[in-house]
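# Summary of the model geometry
Letter by letter, the chains look like this.
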Amino acid sequence: MAVWLARASHLARRAAARVPPLLRPRHGDPRPWFLGSPPPVLGSPAAVEGGLRGFCSVRRFAGESGSAAVAAAADDEEPETGLTAGDQAVDFPGGKVSFVAEMNFIPESQRERINCYRVLDDDGRTISGSRFQEVSKEVALKMYSDMVTLQIMDTIFYEAQRQGRISFYLTSNGEEAINIASAAALTIDDIVLPQYREPGVLLWRGFTLQEFANQCFGNKLDYGKGRQMPIHYGSNRLNYFTVSSPIATQIPHAVGAAYSLKMDKKDACAITYFGDGGTSEGDFHAALNFAAVLEAPVIFFCRNNGWAISTPTAEQFRSDGAVIRGQAYGIRSIRVDGNDALAVYSAVHAAREMAVSEGRPILVEALTYRVGHHSTSDDSTKYRPVDEIEHWRTARDPISRYRKWVQRNGWWSDAEESELRSKVRQELLQAIQIAERAPKPPLSELFTDVYDQIPSNLHEQEQMLRDMVKKHPADYPTDVPV
């Protein structure tokens, strides 16, 4: 510290000595330089005569040992030159930066918005000249089947909540392509940190309809033991972190998970999903900077559906969506049509390849639209025009668009469509009946799975709760074993 202070003091004295008398503050006459008056130009004859030299030292930022630092402070005098600003540059951390004499502010936005990658048009036809990752018939049909399954699952569970059979639900209507196509481009070794609108990723990985129903009904077979709200799925077996309601908290967690994969030299990446509202949280910005600096193999997947519950993007930020923010943090980014399954699949496939092989973070922004309400606690018609919702539900439906492409390839028929929808509906209704009849987890499970040995204060709380249930049995559910 003493060496640093000595050098700093020396540099300050040198800088002060170079300021000409004309610019030196005098008692009662500070003579400040105002923006409206022409400043002296470094290296000009007038400036040299007045004693003004290039008092901004241009050097590489590098640490020096104690004796070397003192020696450098005593001997480090730059030669006086008449160079213009354009002839000088600073080798600043991050790369060389050139000086210019003209004052230019970076504009607040680009002249044109960043383009959106697309493969299929609204009628499900491949756009001429489009480049995309080829998919086999088997993968293409599984993608379509899972998209339909997700749609039916959302419809039935939503109705079950309206009937009072479950307490809460949240659909992925309009965002089925994002769920299934992105999952199809990953491997099972890739770690998923979801928000709450990505059940299709679990569905693709093999989470059964019965497992979905068990979680929503919070029965004894629920992996979360009934301690989470419905739709807060999780699966250790499928590398799918449990959903957490607080917005954007999963984003920095994904960077840490990705960095661990990098340290262990795993051939895998982490992917985290979030909405446009999540980009307004500090966790998003911290995570992007964290990932860029550590070069973590993580994919940031932003579902920009235009609304953070009832707040439109126009009231959230002034930037061109989320994709432009990647560049600010030094992250390679792409904007994709979120209602185009082939575009989403191709973009995530390429993003994963770069993340794993090059060890870098990638930001994907998918433009889509939440056709349903935010959740069963929301009525989106209070803040969105009904005709706008209907347009996206019909003209921009991702399932219909993808089905047209599959059928043009000769891989699907109307008969197969009817059979699939009938089969999924029957399986799900049966799963709901089983989940509804299954016993609830015992009350004691409220206090487990946090500590290896339950501390005394939790034992006391458990006993207090049991006493309260016995004292007021009418106020507590009768199907929870005490």
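Keep in mind it's a predicted model, so treat the numbers as computed, not measured.

Taking 1.5 Å of rise per residue, the 16 residues of helix α15 (residues 456–471) would be expected to cover 22 Å, and the 23 Å separating its terminal C-alpha atoms lies within 8% of that figure. Along α15, the positions that sit buried rather than exposed are Leu458, Glu462, Arg466 and Val469. For α15, the arc enclosing every buried residue in end-on projection is 80 degrees, short of the 170-degree limit, so these residues lie on one face. Turned more than 90 degrees away from the buried face of α15, the exposed residues are Ser456, Glu460, Met464 and Lys471.

Turning to the sheet that holds strand β4 (residues 270–275), a few remarks are in order. If you trace the 5 strands from one edge of the open sheet to the other, you get β3-β4-β5-β9-β8, paired in parallel fashion. Here the strands that pair on one side only, and so sit at the sheet edges, are β3 (191–193) and β8 (332–337). Pairs of neighbouring strands in the sheet enclose a mean axial angle of 20 degrees, with direction left out of account. Inspection of the sheet shows strand β5 (residues 298–304) paired to strand β9 (residues 362–367) by 6 bridges, in the parallel sense. Residue pairing across strands places Arg303 opposite Ala366, the latter belonging to β9. Most of the contacts of helix α5 (residues 176–184) go to β5, to which it runs at about 165 degrees, and overall it touches β4, β5 and β9.

Moving on to the pairing of strand β1 (residues 89–92). As defined by bridge partners, β1 adjoins strand β2 (residues 95–98) across 4 bridges and the pair is classed as antiparallel. Across the sheet, Ala89 pairs through a bridge with Ser98, a residue of β2. Here β1 folds back onto β2, and the loop between the two strands holds 2 residues, one of which, Gly94, carries a positive phi near 105 degrees.

Let us now look at the confidence of the model for the protein. Residues of the protein with pLDDT of at least 70 account for 82%, and the chain-wide mean is 87. Here residues 21–70 scores under 50 on pLDDT; set against residues more than four positions off or in separate chains, the count is 55 contacts.

Mapped onto the elements, Glu365 comes out in strand β9. A polar contact of 2.9 Å, which involves the side chain of Glu365, links it to the backbone nitrogen of Ala322. In this structure Glu365 touches Cys302, Asn304, Gly321, Ala322, Val323, Ile334, Arg335 and Val336, once residues within four positions along its chain are discounted.

So, on to the packing of aromatic side chains. Applying the stated criterion to the full structure yields 13 aromatic pairs. What links up through ring pairs into an aromatic cluster is the set Tyr144, Tyr402, Trp405, Trp411 and Trp412. The ring of Trp392 carries Arg396 above its face, with NZ or CZ at 4.7 Å from the centroid.

With that out of the way, let us pick up the pairing of β4. Most of β4 is tucked away: 6 of the 6 residues are buried. By the bridge criterion, 3 bridges tie β3 to β4 in an arrangement that is parallel. For Val192, the partnering residue across the bridge sits in β4 and is Ile271. Across 6 bridges, the pairing between β4 and β5 is parallel. Across the sheet, the residue bridging to Ala270 is Val298, located in β5. Crossover handedness for the path β4 to helix α9 (residues 282–294) to β5: right-handed.

Right, let's get into α5. Burial of α5 is extensive: 9 of the 9 residues sit out of reach of the surface. Along α5, the positions that sit buried rather than exposed are Glu176, Ala177, Ile178, Asn179, Ile180, Ala181, Ser182, Ala183 and Ala184.

Let's shift gears to the packing of helix α7 (residues 209–217) against helix α14 (residues 414–437). Contact geometry of α7 with α14 gives a least axis separation of 8 Å together with a crossing angle of 40 degrees. On the basis of their axis angle, the class for α7 and α14 is oblique. As for the relative orientation of α7 and α14, their crossing is right-handed in sense. Packed against α7, whose contacting residues are Leu209, Gln210, Ala213, Asn214 and Phe217, the element α14 presents Val424, Glu427, Leu428, Ala431, Ile432, Ile434, Ala435 and Glu436 at the interface.

Before going further, it helps to examine the side chain of Gln195. Within the secondary structure, Gln195 is located in the loop between β3 and α6 (199–205). In this structure the side chain of Gln195 is engaged in a polar contact, spanning 3.1 Å, whose partner is the backbone nitrogen of Gly275. Side-chain polar atoms of Gln195 contact the side chain of Arg303, separated by 2.4 Å. The residues touching Gln195, leaving out its near neighbours within four places in the chain, are Val243, Ser244, Ile247, Gln250, Tyr273, Phe274, Gly275 and Arg303.

Parameters at a glance
In this numbering scheme, every chain counts its residues from 1 along its sequence in written order. Selection of residues for local features in this predicted model requires a pLDDT of at least 70, selection of side-chain atom pairs for listing and counting requires 80 or more, and totals for whole chains, interfaces and linings are taken over all residues. Note that water and hydrogens are dropped before the side-chain values are worked out from all heavy atoms of the structure. Every helix listed is a DSSP run of H or I at least four residues long, and every strand listed is a run of E at least two residues long, numbered separately from the N terminus. Expected helix span is taken as 1.5 Å per residue step, with the number of steps being one fewer than the number of residues. When a residue's accessible area, from a 1.4 Å probe over protein chains only, is under 20% of the maximum for its type it is buried; when over 50% it is exposed; and in between it is partly exposed. Of all possible arcs, the one meant is that of the directions from the helix axis to the C-beta atoms. Here a strand pair is declared whenever DSSP counts at least two bridges between the two strands. Fitting a line to C-alpha atoms yields each axis, with helices limited to the stretch in contact; the angle taken between N-to-C directions then spans 0 to 180 degrees. Note on contacts: a residue pair qualifies if any of its non-hydrogen atoms lie within 4.5 Å across the two residues. How sure the predictor is of each residue is captured by pLDDT, a score from 0 to 100. Here a polar contact is taken to be a pair of N or O atoms separated by no more than 3.5 Å, where protein atoms must pair a possible hydrogen donor with a possible acceptor and residues adjacent in sequence count only if both atoms sit in side chains. Within 6.5 Å between ring centres, the rings of Phe, Tyr and Trp (the latter by its six-membered ring) count as paired, and their orientation is classed by plane angle as stacked under 30 degrees, edge-to-face over 60, tilted in between. Only lysine NZ and arginine CZ atoms are considered, and such an atom sits over a ring when it is within 6 Å of the ring centre and within 35 degrees of the ring normal. The path from the first strand over the helix to the second decides the hand: if it runs clockwise while the strands point away from the viewer, the crossover is right-handed. Convention used here: angles under 35 degrees read as roughly parallel, angles over 145 as roughly antiparallel, angles from 65 to 115 as roughly perpendicular, and any remaining angle as oblique. Take the far helix as the reference: if the near one is turned anticlockwise from it by less than a right angle, the crossing is left-handed, and if turned clockwise, right-handed.

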